[in-house]
Amino acid sequence: MKKTQSDFSHIKGWGVDADPLDVPAYPMKKRTENDNKGMIWERPPQQPALTEILHSNERPSLPAVFGTPNPPTGLSGKIRRFAFKYSESSFAHWLPLLLADRINMFEGIAEDFQKGHVPDLVSEFGIKSELKYNPQGFARKVVTCLAIGALFVLLAKRKK
Amino acid sequence: MLAMNYRGPYRVRADRNKPMPVIEHSGDAIVRVTRSCICGSDLHLYHGMVPDTRIGTTFGHEFIGVVEEIGADVRNLKVGDNVLVPFNISCGKCVFCEQQLFGNCHESNPEATAVGGIFGYSHTAGGYDGGQAEYVRVPYADIGPMVIPDDLDHDDAVLLTDVVPTGYQAAEMGGIKPGDTVVIFGAGPIGIMAAKASWLFGAGRVIVIDHLEYRLEFVKNYAQCEAYNFRSLEDPVLFIKKTTDWIGADVCIDAVGCEAAGSALQTITGRKLMLQAGSATALHWAINSVKKGGVVSIVGVYGPTGNLVPIGNVVNKGITIRANQASVKRLLPRLIEHVRQGHIDPKAIVTHRVPLEEVGDAYHIFSAKLDNCIKTILIPPSANK
């Protein structure tokens, strides 16, 4: 038989939200007179767009507020602009965005060096904590990387 | 100011030269952050799985702080208020906010219509910087933020911005009836809270499935539930069927999302090759473990493209699927009452408190599940001002 407890006195608050009419809560859809009428609400004041903001083509314009950091730039920005020509339903929207993210990573490294900043990879990758809490795992990863590297060198030498 | 700065997959740093945020809209506030958390869903960004996560973004959608500046139209907050800021950015006016679907606001995210704005969660969620910083811009300051009641511990308050409401809503969406068997996939912070909340709805049996022993041990004690390691079960779906008298669970909750372990096919196609929007193993198991006519509740985060799930079984079994980002503002009054009554003890899940300066290590510890990490709070230097 199904193993269900019958005494829940050890669980503080058991069943306090069991009344479906007294949850905060689900079903959440509180029908209002504005349902099915489109975007008719009194819109909040519009945030001025002082930088380039890409917007989904599934909406007619910008929402009242939006984030402004990191506008599209460089090659990754061009790819993002291309992606936003397609709807959220299209792979042509999302896959270019992922590609842009990877390109943006290299742009970030180039930008760091342009500014004279050498990335501290030990702290960025959290290697200190890996050494502290998982030294064996760290050693395994180093040995694996060295082995793969050695294999590539050997293969390259053979080809020559 | 000091802020977390995303530099690419698995690479984040504490950047001392991030420009201070400014008021950009009459409804904005600038908040000095006193605590922020790393959320399990931040790891999807950290691992490079969320499209349009731009280099330079500051993550962090779970934070509390002190109001430093307000826009001309802000009426409900004043400078100096200690505020808890829900992770949803919501206008309070659109038809979705009117229905209390504060996670689905239509006036806060230009880049995608499928989700409302979220602090520090990529441009796909609005392009806002997040709270893993000394200061953060908070739009619609009259709507989302709530002044922290004097009797609420600030560690509890920061966990009420996402993890507690999300776990609670997972149980709520399950439509749990007294005596129901609830199976929760994932023993991370959200799964732990979902297990705890399931009892509040009168569950008769709560089972949590994961593969990390230390988390299973934690949830067993914290939520007084059963906890099983799927690595030792061979087939978790078969196990659920057997233990429910061959019927299946009444309610299954996916509290894992797109980085689930447990299936080589899902891991390779979803996480490594990214041919689908992450690995949907937990959702796959949830659909197959629930009884005919049962409910699957999804709060695990998935990408926007698509996933391999047995949709045919959803049809054949007549399953109801309910899912959403938590509507934090809607749930807060009830949840604060639960914390006061001692039904939920949010801060008990905090295992790590790390200075913001060490954000790279904090992310790695959480991501690699080192040092028995369950929940990390980042403390910015601004917390002591």
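Fair warning: this is a prediction, and the values are worked out from it, not measured in the lab. (Residues numbered from 1 in each chain as written. Chains lettered and ligands numbered in written order. Predicted model: local features only at pLDDT ≥ 70, side-chain atom pairs only at ≥ 80, totals over all residues. Heavy atoms only, no water.)

Turning our attention to the overall build of chain B. Within chain B, the secondary structure is distributed over 13 helices and 17 strands. Here chain B has a C-alpha radius of gyration of 20 Å; the compact-globule value for 385 residues is 21 Å, and the two agree. Considered along the principal axes of its C-alpha atoms, chain B spans approximately 60 × 40 × 40 Å. When burial is assessed residue by residue, chain B has 69% of its 385 residues classed as buried. (Helix = DSSP H or I, 4+ residues; strand = E, 2+ residues; numbered from the N terminus. Rg over C-alpha atoms; globule rule 2.2 N^0.38 Å. Buried < 20%, exposed > 50% of the residue type's maximum accessible area, 1.4 Å probe, protein only.)

So, about the domain arrangement of chain A. Per the domain assignment, the segments making up chain A are domain 1 (52–119) and domain 2 (121–160). Each of domain 1 of chain A and domain 2 of chain A has a C-alpha centre, and these two points are 32 Å apart. (Domains from an automatic or database assignment.)

Now for the interface of chain B and chain A. The interface is formed by 86 residues belonging to chain B together with 79 residues belonging to chain A. Interface area for chain B against chain A, summed over the two sides, is near 7,100 Å², with a carbon-plus-sulfur share of 53%. Summed over the shared surface of chain B and chain A, the result is 8 salt bridges. A salt bridge links R11(B) to E124(A); the nearest nitrogen and oxygen atoms lie 2.7 Å apart. (Contact = heavy atoms within 4.5 Å. Buried area = accessible area lost by both parts, 1.4 Å probe. Salt bridge = Lys/Arg side-chain N within 4 Å of Asp/Glu carboxyl O.)

We now examine the domain arrangement of chain B. The figure often quoted for interface size is the accessible area lost as the parts come together. Residue and element names in this part refer to chain B. The assigned domain composition of chain B is domain 1 (3–162 + 327–384) and domain 2 (163–323). Taken over C-alpha atoms, the centre of domain 1 sits 25 Å from the centre of domain 2. Summed over both partners, the interface of domain 1 with domain 2 comes to about 2,500 Å²; 70% of that surface belongs to carbon and sulfur atoms. By the criterion of area lost to domain 2, the three top residues of domain 1 are M49, I349 and I374, representing 25% of everything that side buries. Applying the counting criterion to the domain 1 and domain 2 interface returns 1 salt bridge. E172 is the salt-bridge partner of R330, the closest N and O atoms lying 3.3 Å from each other. Across the domain 1-domain 2 interface, the total number found is 12 residue pairs in polar contact (both at pLDDT 80 or more). In terms of residue count, helix 12 (residues 328–341) provides more of the side of domain 1 that touches domain 2 than any other element does, 6 residues in total. Looking at side-chain class alone, the side of domain 1 that touches domain 2 contains 17 nonpolar, 9 polar and 7 charged residues. (Polar contact = N/O pair within 3.5 Å; in protein donor to acceptor, adjacent residues only side chain to side chain. Nonpolar A, V, L, I, M, F, W, Y, C, P; charged D, E, K, R; others polar.)

Right, let's get into the environment of I287(B). Residue and element names in this part refer to chain B. Take I287: it is sitting in helix 10 (residues 281–289). Separated by 10 residues in the primary sequence, I287 and S297 have C-alpha atoms spaced 9.7 Å apart. The contact partners of I287, leaving out residues within four places of it in the chain, are V296, V309, P310, N313, V314, K317 and I319.

What sets the pattern is the α-helix's 3.6 residues per turn: residues three or four places apart point alike. Within the sequence span of helix 6 (residues 213–222) of chain B, burial applies to Y214(B), R215(B), L216(B), V219(B) and Y222(B). Check the buried side of helix 6 of chain B and you find it contacts helix 5 (189–200), strand 11 (205–210), strand 12 (226–229) and helix 13 (359–367) of chain B.

Turning next to unusual backbone geometry. Residue and element names in this part refer to chain B. Phi at Y10 takes a positive value of approximately 65 degrees, unusual for a residue other than glycine. Structurally, Y10 is set in the loop between strand 1 (3–8) and strand 2 (11–15). Notably, Y140 is not glycine yet its phi reads approximately 45 degrees, a positive angle. Mapped onto the elements of the fold, Y140 is located in the loop between strand 8 (135–138) and strand 9 (146–147). Overall, the relative accessible area of 6% leaves Y140 in the buried class.

Now for the environment of E259(B). All names here are of chain B. For E259, the location among the structural elements is in the loop between strand 13 (249–254) and helix 9 (264–272). For E259, a relative accessible area of 16% gives the class buried. On a C-alpha basis, the gap between E259 and M49 in space is 9.2 Å, while along the polypeptide they are 210 residues apart. A distance of 2.7 Å separates a polar atom in the side chain of E259 from a polar atom in the side chain of H44.

Residue and element names in this part refer to chain B. As enumerated under the stated definition, the model contains 13 aromatic pairs over all chains in all. Seen from their ring centres, Y46 and Y363 are 5.0 Å apart, and the 35 degrees between their planes marks the pair as tilted. Taken together, the residues Y46 in helix 1 (residues 42–46) and Y363 in helix 13 connect sequence positions 317 residues apart. Both residues of the pair, Y46 and Y363, belong to the buried class. Through pairs of rings, three or more aromatic residues link up here, namely Y6, Y10, Y46, F59 and Y363. The ring of Y222 has K196 sitting right over it, with the charged end atom 5.1 Å from the ring centre. (Phe/Tyr/Trp six-rings, centres within 6.5 Å; stacked < 30°, edge-to-face > 60°. Lys NZ or Arg CZ within 6 Å of the ring centre and 35° of its normal.)

Looking at the second largest pocket, its volume works out to about 1,000 Å³. Taken together, 41 residues line the second largest pocket, and the ones lying closest to its centre are P69(A), N70(A), K18(B), P19(B) and G56(B). Residue assignment for the lining of the second largest pocket shows that the elements contributing at least two residues are helix 1 (74–83) and helix 2 (91–114) of chain A together with strand 1, strand 2 and strand 8 of chain B. No other element matches the 5 residues that helix 2 of chain A contributes to the lining of the second largest pocket. Grouping the amino acids of the lining of the second largest pocket by side-chain chemistry returns 14 nonpolar, 14 polar and 13 charged. (1 Å grid on protein atoms, 1.4 Å probe; cavity = no way out; pocket = protein on both sides within 12 Å on 5 of 7 lines; lining within 4 Å. Points joined across faces, edges and corners; volume = space filled by probe spheres on them.)

Time to look at the pairing of strand 12 of chain B. Residues and elements named next belong to chain B. The pairing of strand 11 with strand 12 spans 4 bridges and is parallel. From the neighbouring strand, V208 faces strand 12, where its bridge partner is A227. Handedness of the crossover is the feature at issue here: the chain leaves strand 11, passes through helix 6, returns alongside strand 12, and the resulting connection is right-handed. (Pairing = 2+ DSSP bridges. Right-handed = clockwise from strand over helix to strand, strands pointing away.)

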